[in-house]
Amino acid sequence: MNKMSVRDIDVKGKRVFCRVDFNVPMKDNQVSDDTRIRAALPTVQYLMEKGAKVILASHLGRPKGQVNEDMRLTAVAARLGELLGKNVVKTDEAYGEAVETAIAGLAEGDVLLLENVRFYPGEEKNDPELAKSFASLADVYVNDAFGAAHRAHASTEGIAHHLPAVSGLLMEKELDVLGKALLNPDRPFTAIIGGAKVKDKIGVIDNLLEKVDNLIIGGGLAYTFVKALGHDVGKSLLEEDKIDLAKSFMDKAKEKGVKLYMPEDVVVADDFSNDATTKVVGIDEIPSDWEGLDIGPKTVDTYRKVIMESKLVIWNGPMGVFELPSFENGTKSVAVALADAQSTYTVIGGGDSAAAVEKFGLADSMDHISTGGGASLEFMEGKQLPGVVALNDK
Ligand SMILES: Nc1ncnc2c1ncn2[C@@H]1O[C@H](COP(=O)(O)OP(=O)(O)OP(=O)(O)O)[C@@H](O)[C@H]1O
Ligand SMILES: O=C(O)[C@H](O)COP(=O)(O)O
């Protein structure tokens, strides 16, 4: 990576404003999944060990520039404290006098978590005044919030113009893994793209067709491709206005020598529910009043073989409606194949695919699970992430 990292600077005795992505799922005012908090620990612990006064900032949810009692970071600070084995000071604001007093009381190695930065309307507007207020709290800026790096907000982008600005260790790792995959991949390189809609994946499919050897298509978006091949898709998800685009992707794959894999068979249901009647049919046999909700067993076999023969696989988007047990098999089987593929480097592109590997208890078997949903998608589309661009070059 051509950006400076926290390892390149001296932080001893310095006040470090460290943006993290603690946008974690909450239930009954408690953190229900602390994956993102744990992912930030290497940077937080590094800063503590090096004698920095650590000021953490994050958003939680989308409070739209207003204080929302359900979106305070108090429970997050408590969870972080448990994980660090050390008290984390929590302020009820993200800047101002009370915050300055709390920071003045920090000793080297202490950790403070500011209140949700999205309680301020200036955060998402990238208001320069708010960015300056954040910057005035610290001597150095560290951005470890890969999950929010696609947002040009005051705490992710604006602040970087007022302080020495470097990446954290998680940010560095995410960019190294995803960057290497796109720039210098081990081959065969396979991308698995699923999820609900073609429209959300246009950029990523287009960019990956320039890079991969194999492109595997699954999930709801597959039916627009199936339709483009001339087959009836019944009541399956279909984006009529993207059929031509799906055709053009098929043409591009041919032109670039990319092997495109689409479902050979699917699990169809007479209703979108776990108790629906289901059957497996060939891709050209979907009955007109049934809908495809998962890939079928033949397809699973083929996809597994491709995964096993790959050196690198990036996966974004489930193969079916994995939230319902009746339609989880395709997604689960792909996750199992990735876990079994010992000589394949496996990268999970955040979002629902990350949730799926967690659900199936296979997270530890993956080489890298991105903490960014939208951010990793934009990165794979080849877009520049504003939170990264704003950091100091090496
Ligand atoms: N055949 C299908 N029919 C209808 N819905 C489907 C089908 N296959 C997958 N889905 C649904 O697609 C959703 C995931 O789609 P989405 O495009 O949001 O995935 P993602 O890109 O992994 O998520 P994120 O945007 O969080 O990164 C899941 O809720 C899943 O149930
Ligand atoms: O959960 C995420 O993808 C990040 O934290 C960004 O959140 P946002 O989509 O609300 O900006």
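Residues numbered from 1 in each chain as written. Chains lettered and ligands numbered in written order. Predicted model: local features only at pLDDT ≥ 70, side-chain atom pairs only at ≥ 80, totals over all residues. Heavy atoms only, no water.

**A look at the UniProt feature "binding site: substrate" (unreviewed entry) in the protein**
Convention followed: UniProt positions are given in the numbering used here, feature names are shortened, and annotations may be inferred rather than shown by experiment. Under the DSSP-based scheme used, a helix requires at least four consecutive residues in state H or I and a strand at least two consecutive residues in state E, with every element numbered from the N terminus. For every residue, the accessible area obtained with a 1.4 Å probe (protein chains only) is divided by the maximum for its type, and the residue is called buried under 20%, exposed over 50%, and partly exposed between those limits. Residues adjacent in sequence count toward polar contacts only when both atoms are side-chain atoms; beyond that, a polar contact is any pair of N or O atoms within 3.5 Å, and within protein one must be able to donate a hydrogen and the other to accept it.
Per the UniProt record, the feature "binding site: substrate" (unreviewed entry) sits at D21, F22, N23, R36, H59, L60, G61, R62, R118 and R151. Residue placement: D21 occurs in the loop between β1 (15-19) and β2 (26-27). Judged by relative accessible area, which is 7%, D21 ranks as buried. If you trace the backbone, H59 turns up in the loop between β4 (53-57) and α2 (74-84). Judged by relative accessible area, which is 4%, H59 ranks as buried. Among the polar contacts made by the side chain of H59, one reaches the side chain of R19 at a distance of 3.1 Å.

**So, the sheet that holds strand β5 (residues 88-90)**
Applied cut-off: Any two strands between which DSSP finds at least two bridges are classified as paired. Axis definition: a line fit to C-alpha positions, over the contact stretch in the case of helices; interaxial angles, taken between N-to-C directions, run 0 to 180 degrees.
Read from one edge of the open sheet, six strands run β5-β6-β4-β1-β7-β8, paired in parallel fashion. With partners counted over all chains shown, the strands left at the sheet margins are β5 and β8 (165-167), one partner each. Going across the sheet, the axis of each strand differs from the next one's by a mean of 25°, ignoring polarity. In terms of strand pairing, strand β7 (residues 140-143) meets β8 through three bridges, oriented parallel. Among the inter-strand pairings, N143 is bridged to a residue of β8, identified as S167.

**Observations regarding the pairing of strand β16 (residues 345-348)**
Heads up, the condition is: The crossover handedness rule: strands pointing away from the viewer, path from first strand over the helix to second strand clockwise, crossover right-handed.
With four bridges joining them, strand β15 (residues 312-316) and β16 adopt parallel strand pairing. Note that in β16 the partner of L312 across the bridge is Y345. Between β15 and its parallel partner β16, the chain crosses via helix α11 (residues 329-340), and the hand of that crossover is right-handed. Where β16 meets strand β17 (residues 368-369), two bridges bridge the pair, whose relative direction is parallel. Along β17, the bridge assignment pairs V347 with H368. As for the winding sense of the linkage, the β-α-β connection from β16 through helix α12 (residues 351-359) to β17 is right-handed.

**Description of the nonpolar core**
Selection criterion: Buried Ala, Val, Leu, Ile, Met, Phe, Trp, Tyr and Cys residues form a nonpolar core when they are joined through side-chain atoms within 4.5 Å. Where each domain starts and ends comes from a domain assignment, either automatic or drawn from a database.
Core analysis: the biggest nonpolar cluster contains 39 residues, and I205, L215, I217 and F225 have the highest contact counts within it. At the level of secondary structure, the elements contributing two or more residues to this core comprise α6 (169-183), β9 (189-193), α7 (202-208), β10 (214-217), α8 (222-228), α9 (243-256), β15 and α13 (374-380). The two domains that each donate at least three residues to this core are domain 1 (15-171) and domain 2 (185-381). Of all hydrophobic cores here, the second largest spans 31 residues; its members include L41, L56, L60 and L73.

**Considerations on the domain arrangement of the protein**
We apply this condition: Residues are treated as being in contact if the distance between any of their heavy atoms lies within 4.5 Å. Each of two parts loses accessible area, computed with a 1.4 Å probe, when they are put together; buried area is these two losses added. One speaks of a salt bridge when a side-chain nitrogen belonging to Lys or Arg is within 4 Å of a carboxyl oxygen belonging to Asp or Glu.
Per the domain assignment, the segments making up the protein are domain 1 (15-171) and domain 2 (185-381). One C-alpha centre belongs to domain 1, the other to domain 2; they are set 35 Å apart. Between domain 1 and domain 2, the contact holds seven residues from the first and nine residues from the second. Carbon and sulfur atoms make up 62% of the area that domain 1 and domain 2 hide from each other, which totals about 660 Å². Summed over the shared surface of domain 1 and domain 2, the number is zero salt bridges. Where domain 1 meets domain 2, there are one residue pair in polar contact (both at pLDDT 80 or more).

**As for the UniProt feature "modified residue: Phosphothreonine" (unreviewed entry) in the protein**
Those places that UniProt annotates as "modified residue: Phosphothreonine" (unreviewed entry) correspond, in this numbering, to T299. Structurally, T299 is set in helix α10 (residues 297-308). Accessibility expressed as a relative area gives 0% for T299, which makes it buried. Discounting residues that sit within four places of it in the chain, T299 has contacts with P263, E264 and D265. Looking at T299, its side chain comes within polar contact range of the side chain of D265, at 2.5 Å.

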